Amino acid sequence: MTNSAFLRLAYNTRAAARGHEELDPLEFDDLVREKAKLVEMDPAFLERSVNDGFSGGEKKRNEILQMAILEPKLAILDETDSGLDIDALRVVAGGVNALSGPDNAIVMVTHYQRLLDYIVPDYVHVMADGRILKTGDRSLALELESRGYDWVTGPAGARRAA
Amino acid sequence: MAVVPDIAGGERASQPFAALGEGPSRAPAAWVSALVSRARDALPRLSLPTTGEEAWRFTDLSGLARESWRPVVSPGAVDAAAVDALLIDEARASRLVFIDGVYSPGFSDTRGIGDGLGVAPLAQALRADESGVRAQLGRLVGGDVDLFSALNTAALGEAAVVNVARGARGRAPIHLLFIGTDRAPASAVQPRLLLLAGEHSAVTVIEEYVSLGEGRGFTNAVTEAVIGENAELSHIRLQGEGAAAWHVGRVAVELARDARYAGVCIASGARLSRLDLAVRLGAPGARATVDGLALLDGRQHADSHTLLDHASADATSRQLYKSVCDGASHSVFDGRIVVRRDAQRTDSAQQSRGLLLSARAQINAKPQLEIFADDVKAAHGATVGQLDADELFYLQSRGMPAAQARRLLTYAFAAEVVERVPVRSLVQRLRARILERTGLATVETGR
């Protein structure tokens, strides 16, 4: 099944659930081409099978495209930056920035500060073993980058958090 | 129901079919009559296979033997519009249509087959090239292989013959369409096909079995395919008979040097179907791709036994077989690969994958590798399972309801085989059939 057929199916399922108008293939094609520009995706991708032979970067762009079309209230982006080169990272981050707004929430999971050069988070939480150990703003991420995770998760860190 | 006299084993078992190997021969030539006679002579020695035999362990024919089968006397009436709906766009002018096993000149059209191709019923094919047909008919499947081959050969008179001259290339795919009607109860048809691809030729043949109606009756088909040096045969075999049908088929293929065979066999119809497909890779450079799909529901049973016989060095085979079983259906795949002692540098890979959609469905997959050469690549894998939980989650996380996600993944699983069919409109029709079976009919899958 092609990426665009899958997306249309998902889009129309969401549209029906929200009481919106469903789109026919031509209308949907216009929408998807518009949104594909956001992640600088070659329209040829839309005609390929879902995730079949996609590189790491292509999968990530595709996920942002899915987000742009399905407009979820809550999105969890798990290691969206892994395996991306700088250019791809910039594109993916640009997409996330364009899609975040007052009506939705995006939770990004990452091990590195690098992504946060492009996407400025409202909150930074440090999580270990299923618990949030520390909460702050962007400066927390920068501090983590210079001091390492041991600062929060090590025995001393754990005591401090408690 | 027939009353079967309680007499000695073999005779008792073949009794339900006795009427199929009797009566005046319809053979159009003396040498065909000789084939018929040999098969009729062999019949008393051949008995109906039982589940006590390894090759029939999972397929019980006792229901088939409860009828007393008769040949079709006259074909049932068919509606022209219903036949038209079965035609394939690319093959509208390259088709032979058989109604209840009887050639129908009115529904056939061979004006578009192109130069160097003969597509004709047997009598006509003999007029065009008797020596070529004579050299091959009955050679790969004689009248003594098993009961069903013998019955088919014993009734030989009609056949669909595709005869491609040296170097000729088929412009359009050739559609050999066998339509069953709701004819007299307990009547059997025994289609016979001969596909000859001369040296350096290329042709696509669609062998299709369908029913107009519930498909009561028994189809016992035999196909022989001989592919010459550097020739290429693409063979699509579609068994989509009605829910009451019994279907037994045998396909035998022989490949010469550098010859290529690409087979896609799809079984989605009949209450019980069995296909025995054997490919002999008889010379270096031969390449066979043998793909299959069983798409089953309700109480359907489909059994596919394949044999890839690497009889020569430097030949290649690839195989993908998939089963999708819903309801209380049952799919059997037995894939045997033989690499003979001199078949060095054989490159062979087989994969079978089964998808169980219900707790009552059953799949038996049995890869068999018999390797007697020592420099061989032979990979095989067999899996049977349910839909992948991660894939379901992926779709659900994109807002798709669970039921829809299951249907979509089922479709994608089956479509992998369908995509290998080299006839565009047929791919679309087969996709639609899968969508219908999976309840996804409203989705356009594009491409």
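Residues numbered from 1 in each chain as written. Chains lettered and ligands numbered in written order. Predicted model: local features only at pLDDT ≥ 70, side-chain atom pairs only at ≥ 80, totals over all residues. Heavy atoms only, no water.

Would you mind going over the overall build of chain A in detail, with residue names and values included?
A tally of regular secondary structure across chain A gives seven helices and four strands. For chain A, the sequential pattern of α-helices and β-strands runs α-α-α-β-α-β-β-β-α-α-α. Along the first, second and third principal axes, the C-alpha set of chain A runs to 60 × 35 × 25 Å. About 9,200 Å² of surface is accessible on chain A, with carbon and sulfur atoms providing 50% of the total. (Helix = DSSP H or I, 4+ residues; strand = E, 2+ residues; numbered from the N terminus. Areas by Shrake-Rupley, 256 points an atom, 1.4 Å probe, with all protein chains shown as cover.)

Let's hear about the interface of chain A and chain B: which residues, and what values?
If you look at the interface, chain A gives 17 residues, while chain B gives 13 residues. Across the chain A to chain B interface the summed buried area is about 1,300 Å²; carbon plus sulfur atoms make up 61%. Contact with chain B buries area across many residues of chain A, yet A:M1, A:F6 and A:L9 alone supply 37% of it, more than any other trio. Among the salt bridges present, the one from B:R398 reaches A:E63, with a minimum N-O distance of 3.9 Å. Across the contact surface, chain A and chain B share two residue pairs in polar contact (both at pLDDT 80 or more). Contributions of two or more residues to the side of chain A that touches chain B are made by helix 1 (3-17) and helix 3 (56-70) of chain A. A per-class count over the side of chain A that touches chain B returns eight nonpolar, five polar and four charged. (Contact = heavy atoms within 4.5 Å. Buried area = accessible area lost by both parts, 1.4 Å probe. Salt bridge = Lys/Arg side-chain N within 4 Å of Asp/Glu carboxyl O. Polar contact = N/O pair within 3.5 Å; in protein donor to acceptor, adjacent residues only side chain to side chain. Nonpolar A, V, L, I, M, F, W, Y, C, P; charged D, E, K, R; others polar.)

Describe unusual backbone geometry, and please don't skip the residues or the numbers.
As a rule of thumb, non-glycine residues mostly have phi less than zero, and peptide bonds are mostly trans rather than cis. Residue A:D129 is not a glycine yet carries a positive backbone phi of 50°. A relative accessible area of 82% means that A:D129 is categorised as exposed. Positive phi is not limited to glycine here, since B:A270 has a value of about 70°. Tracing the chain through its elements places B:A270 in the loop between strand 13 (260-267) and strand 14 (272-281). B:A270 sits in the buried class, given a relative accessible area of 1%. (Buried < 20%, exposed > 50% of the residue type's maximum accessible area, 1.4 Å probe, protein only.)

So what's going on with the confidence of the model for chain A? Which residues, and what values?
Looking at chain A, pLDDT values average 85 and 95% of them are 70 or higher. At the level of individual helices and strands, chain A shows its lowest average pLDDT in helix 7 (residues 155-161) of chain A, which scores 51, and its highest in strand 2 (residues 105-109) of chain A, which scores 92. (pLDDT = per-residue confidence, 0-100.)

Break down the packing of helix 1 of chain A against helix 3 of chain A for me, with residues and values.
Residues and elements named next belong to chain A. With their axes 10 Å apart at the nearest point, helix 1 and helix 3 run at an angle of 30° to one another. Classified by chirality, the crossing of helix 3 by helix 1 is right-handed. Note on element contacts: helix 3 touches helix 1 through N62, L65, Q66, I69 and L70, opposite N3, F6, L7, A10, Y11 and R14. (Axes fitted to C-alpha atoms, helices over the stretch in contact; angles between N-to-C directions. Left-handed = near helix turned anticlockwise from the far one by under 90°.)

A description of the side chain of A:N3 should follow, citing residues and the corresponding values.
Residue and element names in this part refer to chain A. Looking at the secondary structure, you find N3 in helix 1. On the basis of relative accessibility, which here comes to 0%, the residue N3 falls in the buried class. Apart from residues lying up to four places away in sequence, N3 is in contact with F45, L46, R48, S49, V50, F54 and N62.

I'd like to hear about the environment of B:D303, residue by residue, with values.
Residue and element names in this part refer to chain B. Of note, D303 is situated in strand 16 (residues 301-310). Look at D303 and you get buried, because its relative accessible area is 3%. Separated by 198 residues in sequence, D303 and P105 have C-alpha atoms that sit 33 Å apart. Excluding its chain neighbours within four sequence positions, the residues that come into contact with D303 are A55, T59, S273, R274, L275 and V332. Of note is the side chain of D303, whose polar atom sits 2.8 Å from the side chain of R274. Side-chain polar atoms of D303 contact the side chain of H305, separated by 2.7 Å.

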